[in-house]
Amino acid sequence: METPVNGLIALISALALVVLITFGSLRWRRLAAREPRILLSGGGTGGHVNPALAIAEGIKNKEPNAKFLYVGVRGKAETIIVRRVGYPLLFVSSEGYPGLKLSWRSFRFLCRLCIGVTQSVIILFWFAPRWIIATGGYVSAPVILASLVLRLFRICPTTIFLHEQNSIPGQLNAVLGKWVDRVLLTFPQTVSFFPRNGVVVGYPIRHSITLVPREEAFSRLPFKVPEGRQVVFVFGGSQGARTINRAIVDALPHLLPHRHRLFIIHGMGLARSSDYHAVEDTESRIRSALKPEDRVLIEEFYFRQDYFHNIADVYSISDLIVCRSGAGSLNEISRMGKPAILIPKANLPGDHQVMNARAMKHAGAAEILFEDTIMENGRLLEKLEGKFLAERILRLLQDPDQIEKMAANTNRFLRRQAIERILSEIYRDNSFNNGIGCPPVPFRALFSNHRLLQILSTAYETSPRSYDPLAVIGDEDDLIYYRHRAAGLLSHQAWQDRNLGIKLIGLTHYKEKIPTLLHMLTDRSPTTRIRRIFGGDFEQVGFIRRNIVQALQVMNHFDADVEKALLTAADDPYYEVRAQVCRTAMHFGSAIAGREVWMDTLMKKLDDDCFEVVLMAAGALGEVGIDGRALEALLNLKNSHYWQVRDAALKGLSRLVERRVISPSPDLLCRMAGFILTSTDFRPHFSIKETFNMIQKGCRDRLMIEEGLDASPLPSEKAAGKS
């Protein structure tokens with residue numbers, strides 16, 4: 001009897017679910033048709049939240065009775081910004097996409113996304129929106145996915161709009177954008193990603209972001225700026241940027257002598273995570289970077305606050321902006337007509353902040369500074385030198401013509417009437433022609449790290465002696481960025497990323513990073529126990545150490561510090577590092593020829609347990625040796641078990657002859673005849689025989705010239721031919 005009862009229960013449950021869904025769908029359609037109900041989603045940073053609020057503001061002006069609901073993620077920027085505006089706010093579960101590589105983060109991402117989609121389904125049925133307006137960030141993903149699934153079953157009557165702020169869409173936006181009704185774009189170049197449903201509308205900016213008279217702005221600000229001061233506004237977005245916060249604090253001692261003509265306004269950000277607390281970190285750095293008497297003096301020209309809700313007032317009194325290059329900040333700056341120093345964050349998807357900054361720089365409205373990766377207290381950190389930032393600020397402020405020119409150019413960056421263009425798409429009233437179906441505007445994208453590595457490696461391997469990375473890349477600004485981006489990889493936890501960064505540092509000839517590479521090469525910090533089980537030895541794994549040595553060779557840079565590190569690496573526990581040191585010694589042969597320490601090192605490597613190290617050492621001796629010791633050491637390899645080692649020894653001897661370290665003689669040819677020219681391997685052809693014959697011929701020709709000998713084969717050659 002259990003089976004029929006269970007089946008009946010299941011049937012009743014299914015019917016109840018169908019009735020519930022049908023009722024919910026009918027209710028949804030009735031409410032959506034009766035009044036404008038708009039669900040807003042997007043967040044994580046103010047750059048995603050503010051466009052959504054700007055669009056809501058435009059709808060509210062058109063339809064005052066519109067109802068709004070904001071869906072975000074707890075603890076992010078929307079928690080503060082949206083609540084301050086007063087819209088209802090609900091939270092769902094979501095987190096950033098970890099990429100295609102499978103890991104624990106991938107599993108956690110999928111679990112949280114599934115939970116978020118379920119929560120979003122409930123919210124959608126309850127609120128019954130007519131429109132969903134998403135502004136990106138991983139916060140939007142659950143809401144869009146839930147609405148697409150419901151629409152697939154003809155349950156959801158909602159129209160979905162997705163606004164993409166950057167020139168390169170984020171990973172989730174690039175996928176989800178293909179299925180929504182309209183993708184609202186800021187840059188014409190982005191149309192190529194959404195040719196079917198992409199329209200260029202610009203970046204929606206709140207009406208409150210508008211230029212106001214300085215006196216009016218001053219009246220609403222919590223600080224006073226003395227008359228005649230030039231004002232610099234420094235911030236890193238709503239959450240703040242560690243690099244920018246630390247750089248401006250480090251710049252204060254260098255700006256202090258100019259305090260009577262400057263005023264610095266610093267927005268520290270709202271970040272309060274275990275990894276970084278913007279306010280606490282800034283306050284701590286001020287205490288450590290400035291003397292007590294200087295901390296008193298900076299109060300005359302420096303004001304800091306976590307976040308400026310009335311940012312338009314701060315913009316209005318500012319002469320220069322220093323910030324990241326997110327689309328929101330750039331479009332606000334453009335609307336206010338302010339020149340800027342941009343510090344884009346590297347290694348973001350599609351390098352969108354760098355692409356944004358390049359666009360504004362090419363418009364003549366901004367200058368770009370790239371954050372760098374440096375060694376500080378034994379740790380690799382992304383940093384911008386405070387002194388460098390101070391110098392750039394002072395240089396610009398001392399050039400009023402340049403400031404005026406940049407301010408005039410900045411207005412060209414913004415597409416006007418963005419909110420009105422967006423409303424024309426939402427209401428479909430054709431009040432604007434935003435260009436759907438128009439051909440995309442071509443633009444020159446930056447290479448990915450892996451593509452850049454492929455291009456530069458090919459160029460270097462084709463012509464290592466004449467290799468010039470600038471000639472390959474073609475743009476000096478792009479080369480500078482690629483160098484900084486490569487250095488940024490050195491601070492990554494994954495050794496594969498660090499390894500990629502090292503290769504790119506070498507191929508881009510980023511010689512300023514050589515001290516960092518040398519530290520990593522000689523660092524003997526032990527790795528975790530788990531990694532040791534799988535063959536790891538130190539935190540900077542063997543592949544990294546080997547490629548550092550190779551990068552030094554590619555950059556063709558040799559000095560006392562490099563020499564010291566290479567000699568240390570010659571005893572590295574990983575054989576490929578030792579072999580690469582010998583190969584690099586061969587490359588720098590002219591600089592180290594005859595040095596006792598190198599002769600001893602290479603002679604020692606001839607007894608290495610690994611034959612790859614021995615053959616590289618033999619080749620290096622041919623470049624470094626200057627006396628009979630190198631000759632004897634190479635001749636002693638004539639009976640080596642490995643034919644490759646014997647071949648390398650013969651090539652080393654050939655180089656000694658070419659460099660005129662040793663002179664060809666019948667005695668030399670006779671001693672060389674003792675080399676075994678065969679191998680235990682089965683091979684139809686051995687290069688060692690060609691090497692031997694080449695040396696014999698070269699020596700014989702030299703003897704003919706120098707001593708007038710007959711060109712017929714010498715006895716030693718006949719003996720070698722029989723071996």
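Scroll up to find the structure.
Counting restarts for each chain, with residues numbered from 1 along the sequence as it is written. Side-chain atom pairs in this predicted model are given and counted only at pLDDT of 80 or more, local residue features only at pLDDT of at least 70, and totals for whole chains, interfaces and linings cover all residues. Side-chain figures throughout are based on the complete set of non-hydrogen atoms in the structure, without hydrogens or water.

1. A short note on the packing of helix α8 (residues 242-255) against helix α9 (residues 278-289)
Between N-to-C directions, angles cover 0 to 180 degrees, with each direction set by a line fitted to C-alpha atoms, over the stretch in contact for helices. Helix and strand labels come from DSSP, where a helix needs a run of H or I of at least four residues and a strand needs a run of E of at least two; each type is numbered from the N terminus. Running from N to C, α8 and α9 cross one another at 25°; their axes reach a closest spacing of 10 Å. Looking at the two axes, α8 sits roughly parallel to α9. Note on packing geometry: the crossing formed by α8 with α9 is right-handed. Contacts from Asn245, Arg246, Val249, Asp250 and Pro253 of α8 reach α9 at Ala278, Asp281, Thr282, Arg285, Ile286 and Ala289. Polarity classes work like this: nonpolar for Ala, Val, Leu, Ile, Met, Phe, Trp, Tyr, Cys and Pro, charged for Asp, Glu, Lys and Arg, and polar for all others, with Gly in that last group. Here the residues of the contact of α8 with α9 are counted per class, giving five nonpolar, two polar and four charged. For classification purposes, angles smaller than 35 degrees are called roughly parallel, those larger than 145 roughly antiparallel, those between 65 and 115 roughly perpendicular, and all remaining angles oblique. Take the far helix as your reference; a near helix turned counterclockwise from it by less than a right angle gives a left-handed crossing, and one turned clockwise gives a right-handed crossing. It only takes one pair of heavy atoms within 4.5 Å for two residues to be counted as in contact.

2. Notes on the sheet that holds strand β11 (residues 320-323)
Should DSSP find at least two bridges between two strands, the strands are taken to pair. Taking strand neighbours across the sheet as the criterion, the six strands line up as β10-β9-β8-β11-β12-β13 in an open arrangement whose pairing is parallel. With partners counted over all chains shown, the strands left at the sheet margins are β10 (302-305) and β13 (366-368), one partner each. In this sheet, adjacent strand axes meet at a mean angle of 15° when their direction is disregarded. Note that β11 and strand β12 (residues 340-342) share three bridges and pair parallel. Residue pairing in the sheet places Val322 in a bridge with Ile341 of β12. Sitting on the sheet, helix α12 (residues 327-336) is in contact with β8 (230-235), β11 and β12, with an inclination near 175° to β11.

3. Description of the side chain of Glu563
Relative to the elements of secondary structure, Glu563 occurs in helix α24 (residues 560-569). Burial classes follow relative accessibility: with a 1.4 Å probe on protein chains only, a residue under 20% of its type's maximum area counts as buried, one over 50% as exposed, and anything between as partly exposed. A relative accessible area of 12% places Glu563 in the buried class. The contact partners of Glu563, leaving out residues within four places of it in the chain, are Phe558, Ile592, Arg595, Val597 and Trp598.

4. Some remarks on the pattern of salt bridges
Throughout this description, the term salt bridge denotes a Lys or Arg side-chain nitrogen within 4 Å of a carboxyl oxygen of Asp or Glu. With the rule as written, the count across this model stands at 33 salt bridges. As a salt-bridge pair, Arg220 and Asp313 come within 2.8 Å of each other at their nearest N and O atoms. Residue Arg220 is located in the loop between α7 (214-219) and β8, and its partner Asp313 is located in helix α11 (residues 311-317); the two are separated by 93 residues in the primary sequence. Its relative accessible area of 41% is what places Arg220 among the partly exposed residues. Between Asp571 and Lys605 there is a salt bridge, with its nearest N and O atoms 3.2 Å apart. Taken together, the positions of Asp571 in the loop between α24 and α25 (575-587) and Lys605 in helix α27 (residues 596-605) put the pair 34 residues apart, joining distant regions of the chain. A relative accessible area of 47% places Asp571 in the partly exposed class. By relative accessible area, which is 4% here, Lys605 ends up buried. The network of salt bridges with shared partners includes Glu596, Asp600, Asp627 and Arg629.

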